[in-house]
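Each chain, written out:
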Amino acid sequence: MNELIEQTLNDFMVPVSFLYYDGNAPAYVTYQHTDSDSVLAADDSIINYVDYYDFDVFSKGNFFPIIEALKERLTAAGFMWQPSRSSADIYEKETKYYHKTLCFAIERSN
Amino acid sequence: MAQFKLELPDDIIKDIQKIDKNYEQIFGGMVKAGAEAAQSNVKSLVPASWRGSEIMNCIHLTRVYRTPSDDGINCKVNISGYFYNKQGVLTPAPLVANVFEYGSTKFTKHPFFRKAFKKGQIESVMLQKQSELSGGLLDE
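Residues numbered from 1 in each chain as written. Chains lettered and ligands numbered in written order. Predicted model: local features only at pLDDT ≥ 70, side-chain atom pairs only at ≥ 80, totals over all residues. Heavy atoms only, no water.

Undergrad: What is the right way to read the state of the cysteines from this model?
TA: Simply put, the disulfide is a covalent bond whose two ends are the sulfur atoms of two cysteines. Residues and elements named next belong to chain B. Summed over all chains, the structure comprises zero disulfides over all chains. In this structure C58 is not part of a disulfide, and its nearest cysteine sulfur, from C75, lies 17 Å away. Look at C58 and you get buried, because its relative accessible area is 3%. (Disulfide = S-S within 2.5 Å. Buried < 20%, exposed > 50% of the residue type's maximum accessible area, 1.4 Å probe, protein only.)

Undergrad: Which parts of the structure should I look at to understand helix α2 (residues 64-76) of chain A?
TA: Residues lying three or four places apart along an α-helix face the same way, a consequence of the helix completing one turn every 3.6 residues. All names here are of chain A. In a regular helix each residue adds 1.5 Å, so 13 residues correspond to 18 Å; α2 covers 18 Å between its end C-alpha atoms and thus fits that length. Turning to α2, its buried residues are I66, I67, A69, L70, K71 and L74. Looking at the buried positions of α2, the neighbouring elements they touch are α1 (2-8), β2 (27-42), β3 (45-59), β4 (80-81) and β6 (97-109). (Helix = DSSP H or I, 4+ residues; strand = E, 2+ residues; numbered from the N terminus. Expected span 1.5 Å × (residues − 1). Contact = heavy atoms within 4.5 Å.)

Undergrad: How do you make sense of the interface of chain A and chain B when you look at a structure like this?
TA: Many authors give the size of an interface as the accessible area that is lost as the parts come together. Opposite the 20 residues of chain A that make contact, chain B presents 13 residues. For the pair chain A and chain B, the summed buried area comes to about 1300 Å², and 47% of that belongs to carbon and sulfur atoms. Between chain A and chain B we count five salt bridges in total. At the surface where chain A touches chain B, the tally comes to nine residue pairs in polar contact (both at pLDDT 80 or more). (Buried area = accessible area lost by both parts, 1.4 Å probe. Salt bridge = Lys/Arg side-chain N within 4 Å of Asp/Glu carboxyl O. Polar contact = N/O pair within 3.5 Å; in protein donor to acceptor, adjacent residues only side chain to side chain.)

Undergrad: Where do I start with the pairing of β2 of chain A in this structure?
TA: Looking down a regular strand, the side chains alternate between one sheet face and the other. All names here are of chain A. Both strand β1 (residues 16-18) and β2 contribute to a ladder of three bridges, which runs parallel. Looking at β2, one finds that V16 is bridged to V29. Where β2 lies against β3, 14 bridges are found, and the strand directions are antiparallel. The residue of β3 that forms the bridge with D35 is Y52. (Pairing = 2+ DSSP bridges.)

Undergrad: Any chance you could explain the nonpolar core here in plain terms?
TA: For soluble globular proteins, nonpolar side chains are generally found buried alongside one another. Ranked by internal contacts, the top residues of the largest apolar core, which has 22 residues, are V42, V46, W50, I59, I79 and F112 of chain B. Where this core is concerned, the elements lending two or more residues are α1 (10-45), β4 (77-79) and α2 (93-102) of chain B. If you look at the next biggest cluster of nonpolar residues, it comprises 21 residues, including I5, F12, V57 and L102 of chain A. (Core = buried A, V, L, I, M, F, W, Y, C linked by side-chain atoms within 4.5 Å.)

Undergrad: How should the pairing of β3 of chain A be read in this particular structure?
TA: Residues and elements named next belong to chain A. Summarising burial for β3: eleven of the 15 residues are buried, a large majority. Joining the antiparallel neighbours β2 and β3 is a turn of two residues, in which D43 adopts a positive phi near 50 degrees. Relative to β6, β3 is paired through twelve bridges, and the arrangement is antiparallel. Looking across to β6, one finds that D54 is bridged to C103.

Undergrad: When you look at the packing of aromatic side chains in this model, what are you seeing that I'm missing?
TA: Both the distance between ring centres and the angle between the ring planes are used here to describe each pair of aromatic rings. Going through the model one piece at a time under the given rule, you end up with 17 aromatic pairs over all chains. Both rings, one in F55 of chain A and one in F79 of chain A, keep their centres 6.4 Å apart while their planes meet at 85 degrees; by these two values the pair is edge-to-face. Taken together, the positions of F55 of chain A in strand β3 and F79 of chain A in the loop between α2 and β4 put the pair 24 residues apart, joining distant regions of the chain. Comparing F55 of chain A with F79 of chain A shows no difference in burial state: the two are buried. Chaining the aromatic ring pairs together yields one cluster made of W50, F100, F107, F112, F113 and F117 of chain B. We note K60 of chain A situated over the ring of Y97 of chain A; from NZ or CZ to the ring centre the distance is 4.7 Å. The ring of Y52 of chain A is capped by R85 of chain A, whose NZ or CZ atom sits 3.7 Å from the centre of that ring. (Phe/Tyr/Trp six-rings, centres within 6.5 Å; stacked < 30°, edge-to-face > 60°. Lys NZ or Arg CZ within 6 Å of the ring centre and 35° of its normal.)

Undergrad: Please explain unusual backbone geometry as it appears in this structure.
TA: Excluding glycine, most residues fall at negative phi; most peptide bonds, likewise, are trans. Positive phi, normally seen in glycine, also occurs at L19 of chain A, with a value near 65 degrees. Looking at the element boundaries, L19 of chain A is found in the loop between β1 and β2. At D71 of chain B, a residue that is not glycine, the phi angle is positive and equals roughly 60 degrees. If you trace the backbone, D71 of chain B turns up in the loop between β2 (65-67) and β3 (72-74).

So this is what it looks like as structure tokens:
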């Protein structure tokens with residue numbers, strides 16, 4: 001799954017990193033798997049399930065263009081944006097980064 | 001001209017009237033039961049450092065309420081209010097919950113709130129309550 005994400009966001013407008021970003025870019029995105037849930041089961045086995053991924057956008061400036069671009073790329077790759085699992089707008093005073101978590105789901109077959 | 005007259009039996013009409021009269025109580029009870037299940041999940045999934053802390057008293061349920069815009073009947077789980085942390089500082093609970101749920105540049109996230117809403121489990125609890133409150137009238 002991480003391979004699909006890496007391929008989808010290969011030439012994205014800001015650096016994209018799994019779990020942790022160790023650079024100094026004024027804007028970057030980290031992603032991680034946060035949850036899974038079964039959506040279809042038969043004969044005591046899970047047939048289909050949903051994987052939830054958080055994409056955390058950190059930016060010292062306007063993060064809305066990054067958010068829109070991220071939504072467009074991931075939706076085109078088969079992810080579904082989950083508004084109810086996404087965060088409010090956050091500002092971190094210590095580091096002066098704006099922060100927004102976008103949650104996306106993708107359905108998988110077992 | 002051929003005519004056909006059908007009369008619904010009285011007991012079916014009475015059942016429909018009973019559901020119509022009690023639907024707010026039935027649906028209100030259902031959403032409350034679902035919210036209680038989610039609240040219980042939240043309490044069991046909180047980070048280890050929360051256990052024994054006053055922040056546990058900040059995990060609340062709202063009352064059951066109606067929203068006129070969609071005629072919905074709702075009951076929500078929320079983390080609200082303030083608590084005294086281990087250093088004795090009065091701290092807003094939603095701020096702490098937010099940092100754990102979504103993380104920050106310096107703090108790794110520990111999602112627990114969103115994980116607590118398991119659709120299958122909540123639906124099952126709500127259907128059980130529906131059967132109980134409607135006396136089985138709304139069972140499939």
